[in-house]
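Structure at a glance
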Amino acid sequence: NMHRSPLLWDKPEEFDPDRWRRPTPQHIVDAYNAGRDEDDAAPKWKGYQPDNSVLYPNEIMADYAFVPFGAGPRKCLGDQFALMESVVMLCV
């Protein structure tokens, strides 16, 4: 489970919702890119660099590191509604 992986998080078993506001550590980005083919035309992964000025992160801003509703042509049609509904329910 990536949410509790010690490879990705300093304290994986500790409840820390603010970890989603921190960027991906550089050693993880480097390890991921090291396993890729040098001849690959795709750009290298830059890691998750959260923009704390926006309310909802999306897959493009996060370089496809944040993909809770899928991405690309098969992306969930109701993702923005679901995120807004969750905020409304938490406020009520």
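The structure this text deals with has already been given above.
For the structure given in this document, a descriptive report is provided here. Since this is a predicted model, take the numbers as computed values, not measurements. (Residues numbered from 1 in each chain as written. Predicted model: local features only at pLDDT ≥ 70, side-chain atom pairs only at ≥ 80, totals over all residues. Heavy atoms only, no water.)

1. Here we look at the pattern of salt bridges
For clarity, the cut-off: A carboxyl oxygen of Asp or Glu within 4 Å of a side-chain nitrogen of Lys or Arg is what we treat as a salt bridge. Each residue is assigned to one of three classes by its accessible area relative to the maximum for its type, calculated with a 1.4 Å probe on protein chains only: buried under 20%, partly exposed between the two thresholds, exposed over 50%.
In the structure shown here, the tally under the stated rule is 1 salt bridge. The residue D16 makes a salt bridge to R22 at a minimum N-O spacing of 2.6 Å. Taking the relative accessible area as the measure of exposure, R22 reaches 44% and is therefore partly exposed.

2. Description of the side chain of N33
Here is the rule: Where helices and strands are cited, they refer to DSSP runs of H or I of at least four residues and of E of at least two residues respectively, numbered from the N terminus.
Looking at where N33 falls in the secondary structure, it is placed in helix α1 (residues 26-34). Overall, the relative accessible area of 10% leaves N33 in the buried class.

3. Side note on the environment of T24
The cut-off we apply is this: Two residues form a contact once any of their heavy atoms are found within 4.5 Å.
Relative to the helices and strands, T24 is located in the segment before α1. On a C-alpha basis, the gap between T24 and Q49 in space is 6.7 Å, while along the polypeptide they are 25 residues apart. Contact partners of T24, with chain neighbours within four places excluded, come to V29, W45, G47, Y48 and Q49.

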